[in-house]
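Chains, contacts and geometry: an overview
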2 protein chains.
Amino acid sequence: MLKPNSICILGTGKLARHLSEKLISEGIQSLFLWGRNSEKTAKMAAELGMQHLASPDHFPENSAAIIAVSDHAIAEVAQLFKGKSAYMIHLSGTQAISALDGCAAHTGVLWPNQSFTPGNSIVWKNVPMSVEASDDEARTWLLQLTALLEGPVAWLSGDQRKQLHLAAVAANNFVNHLMVLTEEWCIAKGLDFQFLMPMVEQSVKRLREVSPSKTQTGPASRNDQVVIAQHVALLKDFPEFSEVYALLSKQIAERSTRA
Amino acid sequence: MLKPNSICILGTGKLARHLSEKLISEGIQSLFLWGRNSEKTAKMAAELGMQHLASPDHFPENSAAIIAVSDHAIAEVAQLFKGKSAYMIHLSGTQAISALDGCAAHTGVLWPNQSFTPGNSIVWKNVPMSVEASDDEARTWLLQLTALLEGPVAWLSGDQRKQLHLAAVAANNFVNHLMVLTEEWCIAKGLDFQFLMPMVEQSVKRLREVSPSKTQTGPASRNDQVVIAQHVALLKDFPEFSEVYALLSKQIAERSTRA
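Computed from a predicted model, the values in this text were never measured in an experiment.

Cut-off values and rules
- Residues numbered from 1 in each chain as written.
- Chains lettered and ligands numbered in written order.
- Predicted model: local features only at pLDDT ≥ 70, side-chain atom pairs only at ≥ 80, totals over all residues.
- Heavy atoms only, no water.
- Contact = heavy atoms within 4.5 Å.
- Buried area = accessible area lost by both parts, 1.4 Å probe.
- Salt bridge = Lys/Arg side-chain N within 4 Å of Asp/Glu carboxyl O.
- Helix = DSSP H or I, 4+ residues; strand = E, 2+ residues; numbered from the N terminus.
- Nonpolar A, V, L, I, M, F, W, Y, C, P; charged D, E, K, R; others polar.
- Phe/Tyr/Trp six-rings, centres within 6.5 Å; stacked < 30°, edge-to-face > 60°.
- Buried < 20%, exposed > 50% of the residue type's maximum accessible area, 1.4 Å probe, protein only.
- Lys NZ or Arg CZ within 6 Å of the ring centre and 35° of its normal.
- Core = buried A, V, L, I, M, F, W, Y, C linked by side-chain atoms within 4.5 Å.
- Pairing = 2+ DSSP bridges.
- Right-handed = clockwise from strand over helix to strand, strands pointing away.
- Least-squares fit on C-alpha atoms with pLDDT ≥ 70 in both.
- Axes fitted to C-alpha atoms, helices over the stretch in contact; angles between N-to-C directions.

1. A look at the interface of chain A and chain B
Residue-level contacts link 86 residues of chain A with 86 residues of chain B. Carbon and sulfur atoms supply 62% of the area buried between chain A and chain B, which totals about 8500 Å² over both sides. A per-residue breakdown of the area chain A buries against chain B is headed by Leu166(A), Phe174(A) and Phe195(A), which together make up 9% of the total. Taken together, the connections running from chain A to chain B amount to 10 salt bridges. For Arg255(A), the salt bridge is made with Glu184(B), and the minimal N-O distance between the two is 2.6 Å. Only strand E7 (129-133), strand E8 (153-155), helix H5 (158-189), helix H6 (197-206), helix H7 (225-234) and helix H8 (239-258) of chain A provide two or more residues apiece to the side of chain A that touches chain B. By residue number, the principal contributor to the side of chain A that touches chain B is H5(A), which donates 27 residues. Looking at the side of chain A that touches chain B, its residues break down into 42 nonpolar, 30 polar and 14 charged.

The structure is reproduced here in structure tokens:
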């Protein structure tokens, strides 16, 4: 049983929506939605069956505030709701807990390690959460909240969360960029990008069982300079892909030579 | 019904083993195994229940030859078995069909788009195959062989196969290298690399439905130079990761600015 059981979601983006839907499905009755664009917020609140919080001045008593806005706006929204609630958390991997200093007695961070992009359906029990609390009361509340969301929990310091965020950038955003370059290449050459998916899925599945340092294959790992030179020649009209190819092949080859 | 139904697998590596196991499970009775190391080959043949082909001189009549050795050894093995069989194929993404010229009347290539690393279990019906044939008879035989293996088939020219191989290097080897850097970082910082897996799996799953060009997130895609600078500072003792971070962030930011 979450206590306080009333929650105000501050923000109307993708994460605010996903989180609201989950809290509704978990039976949280007293849910409010606030956003800077009042019209948009009223519409979204009606759509989800939440109460519309038209102004910080109407903040309900004994409600916790969850700031679900973009990273650069967190401090500003925290100031806007300063002193309105005893509990206030944000959901960012990059922002410190100190962004909420002085705005509530008990503050915290709950960073869901998931990419909330359009078209993603979120299964919260599979979403690991990095959490941080200012004190025992915030910790207790976050324990109840994360139990409701069901995913695995790691209590990390702000520094550790930043380090994990950096890891997530590489494992998610950078991998996605490689896929962007690969898809463009396939389209340019009339090849079916989807043809690669079984291999990619298999390799990602393997990461659960074997360290990637043990499974490298391909021309660079064999230091096969003939094939590498052919690839570089093929890429001459693809400057971005070409730069990425050169750097990553160099690093992979150096590692396999060292090993 | 595969005709010729007798097959000699030339090679004793991981792909040779996976392919032999599949052909056995599909009921191919007449299966021979040859390898340069006769003792090792005899042992593997006995283990799998295949016949050991001790020398090219004993090549059985009406048998097809499948060369399953590493790329640089294909031409040499093809010469060793020159004129022994009517059908000869190799399994490489990088080598041309011409590596088999003059060695058999009907030649071909069957490149399975999968990473045959230790610990991978191979579900052949999920393995797409790029195939090429020298003539109609080779094509007919390859059609039967790929039907047996069950995976999706693309008939590609040698040039297209090389282009697809380059795409596979990026989507598989380069992604794996990012994971190597990320895992090392996590270990160095006492973070659990596995914590990232649900996000990675979700993002890879999404590639089946949405173009990666539509789903980029993270600090570079927001051109958030504050967070990027923090990450670069964190990476100062990780020169490889640092180089990769700088290049990929630059490309992602440039694209998001252009968009």
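2. As for the packing of aromatic side chains
Residues and elements named next belong to chain A. Tallying each qualifying case throughout the model produces 14 aromatic pairs over all chains. Judged by centre distance (5.8 Å) and plane angle (35°), the rings of phenylalanine 116 and tryptophan 124 are tilted. On the basis of relative accessible area, phenylalanine 116 is assigned to the buried category, the value being 10%. When its relative accessible area of 5% is taken as the criterion, tryptophan 124 is described as buried. An aromatic cluster is built from Trp34, Phe59 and Phe81, whose rings are joined through pairwise contacts. Lying over the aromatic face of tryptophan 155, arginine 139 brings its terminal NZ or CZ to 4.3 Å of the ring centre.

3. A short note on the nonpolar core
The tendency in soluble globular proteins is for nonpolar side chains to be buried as a group. Phe174(A), Leu196(A), Phe174(B), Leu196(B) and Val244(B) are the most contacted members of the largest nonpolar core, which totals 70 residues. If you list the elements that add at least two residues to this core, you get H5, H6 and H8 of chain A together with helix H5 (158-189), helix H6 (197-206) and helix H8 (239-258) of chain B. Beyond its immediate sequence surroundings of up to four residues, Phe174(A) is in contact with Val169(A), Leu178(B), Val244(B), Tyr245(B), Leu248(B), Ser249(B) and Ile252(B).

4. Regarding the environment of Leu234(A)
Within the element layout of this structure, Leu234(A) appears in helix H7. In the structure, Leu234(A) is positioned 99 residues away from Asp135(A) in sequence and 58 Å away in space, judged by C-alpha atoms. Excluding residues that lie within four positions of it along the chain, Leu234(A) makes contacts with Trp185(A), Lys162(B) and Leu166(B).

5. Quick word on the pairing of strand E7 (residues 129-133) of chain B
Residue and element names in this part refer to chain B. In terms of burial, E7 is a largely internal element, four of the five residues being buried. Where E7 and strand E8 (residues 153-155) come together, three bridges link them in parallel fashion. Note that in E8 the partner of methionine 129 across the bridge is valine 153. Crossover E7 to E8 through helix H4 (residues 136-149) is right-handed.

6. Examining unusual backbone geometry
Although it is not a glycine, Asn62(A) adopts a positive phi angle of roughly 55°. In this structure, Asn62(A) sits in the loop between strand E3 (51-52) and strand E4 (63-67). The residue Asn223(B) is not glycine, and still its phi comes out positive at about 50°. Residue class for Asn223(B) comes out partly exposed when judged on its relative accessible area of 36%.

7. Observations regarding the relation of the copies chain A and chain B
Under the fitted operation, chain A is carried onto chain B by 0.0 Å of movement along the axis and a turn of 180°, and the coordinates agree to an RMSD of 0.0 Å. Taken together, the rotation and translation relating the two chain copies correspond to the operation of a two-fold axis. In terms of proximity to the rotation axis, the leading residue of chain A is Val175(A), whose C-alpha is 2.9 Å off the axis.

8. Re the sheet that holds strand E3 (residues 51-52) of chain B
Residue and element names in this part refer to chain B. An order of E3-E2-E1-E4-E5-E6-E7-E8 is seen for the eight strands of this open sheet, with the pairing classed as mixed. This sheet does not close on itself; its edge strands, each paired only once, are E3 and E8. Looking at chain direction, strand E5 (residues 87-90) and strand E6 (residues 106-112) are connected through four bridges and run parallel. What sits directly across from histidine 90, in E6, is valine 109. Relative to the sheet, helix H1 (residues 14-25) contacts strand E1 (6-10), strand E2 (31-34), strand E4 (63-67) and E6, its axis offset from that of E1 by approximately 165°. Its contacts with the sheet place H5 against E6, E7 and E8, and it is angled at close to 20° to E6.

9. Examining the sheet that holds E7(A)
Residues and elements named next belong to chain A. Reading across from one edge, E3-E2-E1-E4-E5-E6-E7-E8 is the order of the eight strands in this open sheet, with mixed pairing throughout. In the strand order of this sheet, the two ends are held by E3 and E8, each with one partner. The strands touched by helix H1 (residues 14-25) are strand E1 (6-10), strand E2 (31-34), E4 and strand E6 (106-112); relative to E1, the strand with the most contacts, the crossing angle is about 165°. Sheet strands touched by H5: E6, E7 and E8. Its angle to E6, the strand with the most contacts, is close to 20°.

10. Let's talk about the side chain of Arg161(A)
All names here are of chain A. Mapped onto the elements, arginine 161 comes out in helix H5. Looking at arginine 161, the relative accessible area reads 1%, which means it is buried. With residues near it in sequence (within four places) discarded, arginine 161 still touches Ser92, Gly93, Gln95, Ala96, Ile97, Val109, Trp111, Ser130, Glu132 and Leu156.

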